[in-house]
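This is what each chain is made of:
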Amino acid sequence: MNSDVTRMKELIGQLNQAAMVYYQGQGEIMSNYEYDKLYDELVSLEERTGMVMNNSPTIHVGYETISELPKEPHVVPMLSLNKTKEIADLVSWLGVQPGLLSMKLDGISVILTYENGRLTKALTRGNGEIGEVITNNARTFINIPGKIAYNNTLILRGEALIRYSDFEVLNNQENVEEKYKNPRNLCSGSVRQLNNEITAKRRVHFYAYNIISAGDELSFAKKKQGMEWLREQGFEVAPYKVVTAENLEMKVAEFSEEVKQSDLPSDGLVLTFDDVAYSQTLGRTAKYPHDSIAFKWQDELAETTLRAIEWSASRTGLINPVAIFDPVELEGTTVSRASVHNVSILRELALGIGDRISVYKANMIIPQIYENLTKSGQCSIPEHCPVCQGETQLQNDNGSVVLVCPNEQCYAKKIKLLSHFVSRNAMNIDGLSEATLEKFVNEGMIHSLVDLFHLNRYEEQIVQMDGFGRKSFENLMSSLENAKDVPLANLLYSLGIKGIGLSMAKLIVGRYPYAITDMKQLTVEELVEIDGIGEVLAEAFVAYFSEPENQKLVEDLSVVLRVQYPKQSTELPLKGMTFVITGSLNHFANRQECKDKIESLGGKVAGSVSKKTSYLVNNDITSMSSKNKKAKELSVPIINEDKLCQILLDVSGEI
């Protein structure tokens, strides 16, 4: 019994850690196959011992999220679903009842509330009892109606997701953070942003799959009728088919083919009873409703030969093993590599070069190793980091052995800095997503920011990389060449000095338009003389330029860049004036463009209204927003964009 209890505690720790990482959108630390295997082992032990620990994932839904977003309880618990991989189980479960078989979408569960026809609240599932409030973010979802014809209270549940096509574009065009490795994780991070501008850029879609509650006058005998009613209100619904026990196997087969071609990420199917009254008689457990069940795909397996283990360093210091094997066909595509996740899994699989292994695509999407048929166990653990060549260390991370690089100066840990450096408001280098930057770092092409401008040395190597070709390489070289003509403020901002945003950088170079290599001469006292620069920011600035490593970096950059210095003007017509911009803009492409124009004329753009605010710019002057209310309290003039343009025209002769 004691050994069973010990093993149960080990399993609970591993499963809860994996769930926490997954539900917070941080990636995955074990494969779906391994999670399911450990989960089933835990269930078996709980049944055998008759014991269930309070923190067991078998009695909890989801995972408590950790964020700055406000939390609210759900009107009814948002439960998970029991699951099976056997069609026979589905047939037996459905019995004589008609059912709805729908695509189980792989995003993040969201609950929307409409009142008087308008969206008033959106919550994530959270831990099933309490969710995060993401209302402002939900209003940016691409395909939800802003207003519906139904004026009573409507609460519905669905899946927020990022389609494969949009994910591909984002991966190629945006500097997507390393933790977002697939559409599901990117979506989870996107809908939980504090700034809904980021959510809007990620093109999140919402697909409804059931009505939780509505007014007494809205009643449906069949769930299919409710789905069709939602469609009539303007919602897109999860793809579904009406099924019976007789045609269920055929409908599952149809879905298995459709999923392969679908633009919607999916990790299985959901079967539910169509009869609403019957469903309501079935009740639920603490974790699962009795009126629905999830079906997970039987994984297609293929045998192949392991050819290498590639060790990939990341910004967190983890060095993760990736299996490279002879290409095989799985679910209609050719695969030749799969993540092994960590050293524990590498050892558990007893991998060795030349071993015969079987591989599969978890949920028909993510390549994983299913089994090692040879088990030679001959793979060695590298003693040196593949990026910086520093000595590696093995560490215990929540029961799993991981390989890490302890060197804080390892450039694999500076992917974030590289991503910031190439971003639009910094050096504005197109074609360098974080995934691409990570590849270049892992291949040893980048050890410093200045190395970006010497990537032409690796032409043949780059054109052979996945996702690249001759044309992509030429486009990248063109973008790098164009980026060499950089305004001094943008260059200063691109260095990633703590607290120095683009606005601060413009203030500094406006007062001290020194060569970037001479910025080290500035003192804290000189910097705090600039309106808006405090002592903390000034100290961070001086500390950065006092570091010999940073001094060498700016010297190297000054050799390859053509820095543009600000025009000095004795008369800045908006000097001393402060503007606050809120709401959407029509004349300017975006808020940043409007801000740049005001600052170029000596004005300051602040984020909140205060006594020092000269104008609040809002195209909706009658809005009851907090900024409008504050402006009225302080007698700050509220002007629309047309009036702002007139002011700019009057003081500068142009807009």
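Structure's up top.
Residues numbered from 1 in each chain as written. Predicted model: local features only at pLDDT ≥ 70, side-chain atom pairs only at ≥ 80, totals over all residues. Heavy atoms only, no water.

Trainee: Give me the lowdown on the overall build of the protein chain, citing residues and values where you can.
Mentor: A tally of helices and strands in the protein chain yields 23 helices and 25 strands. Relative to the compact-globule value of 26 Å for 655 residues, the protein chain shows a C-alpha radius of gyration of 28 Å, a close match. Buried positions account for 49% of the 655 residues belonging to the protein chain. Contacts in the protein chain between residues at least 24 apart in sequence constitute 67% of all its contacts with a sequence separation of at least 6. Put simply, the protein chain shows about 31000 Å² of open surface, and 48% of that area lies on carbon and sulfur atoms. The protein chain carries 67 positive and 86 negative side-chain charges, and their two centres are separated by 4 Å. (Helix = DSSP H or I, 4+ residues; strand = E, 2+ residues; numbered from the N terminus. Rg over C-alpha atoms; globule rule 2.2 N^0.38 Å. Buried < 20%, exposed > 50% of the residue type's maximum accessible area, 1.4 Å probe, protein only. Contact = heavy atoms within 4.5 Å. Areas by Shrake-Rupley, 256 points an atom, 1.4 Å probe, with all protein chains shown as cover. Lys, Arg positive; Asp, Glu negative; His and termini not counted. Charge placed at Lys NZ, Arg CZ, Asp CG, Glu CD.)

Trainee: Just give me the short version of the side chain of S190, but keep the residues and values in it.
Mentor: Within the secondary structure, S190 sits in helix α6 (residues 183–191). A polar atom in the side chain of S190 sits 2.6 Å from the backbone oxygen of L186. At 3.0 Å, the side chain of S190 and the side chain of R202 are in polar contact. (Polar contact = N/O pair within 3.5 Å; in protein donor to acceptor, adjacent residues only side chain to side chain.)

Trainee: If you had to explain the environment of Q298 to someone new, which residues and values would you point to?
Mentor: By the secondary structure assignment, Q298 is in the loop between β12 (292–295) and β13 (302–313). Once the C-alpha coordinates of Q298 and G444 are considered, the two residues, 146 residues apart in sequence, prove to be 40 Å apart. Setting aside anything within four residues of it in sequence, one finds Q298 in contact with K85 and E86.

Trainee: Describe the packing of aromatic side chains, and please don't skip the residues or the numbers.
Mentor: Aromatic ring pairs are reported here in terms of the distance separating the ring centres and the angle at which the planes meet. Per the counting criterion, the structure on display carries twelve aromatic pairs. Geometrically, the ring pair formed by F273 and Y278 is edge-to-face, given 5.1 Å between the ring centres and 90° between the ring planes. Y278 gets classed as partly exposed once you look at its relative accessible area, which sits at 32%. Relative to Y514, the ring of Y512 lies with its centre 5.7 Å away and its plane at 55°, an arrangement referred to as tilted. (Phe/Tyr/Trp six-rings, centres within 6.5 Å; stacked < 30°, edge-to-face > 60°.)

Trainee: Describe unusual backbone geometry, naming the residues involved and giving the relevant values.
Mentor: One non-glycine residue, K375, adopts positive backbone phi at about 60°. Structurally, the position occupied by K375 is in the loop between β17 (366–372) and β18 (393–397). Non-glycine residue N428 carries a positive phi angle of around 55°. Inspection of the secondary structure puts N428 in the loop between α12 (415–422) and α13 (434–442).

Taken by themselves, the reported measurements are silent on function.
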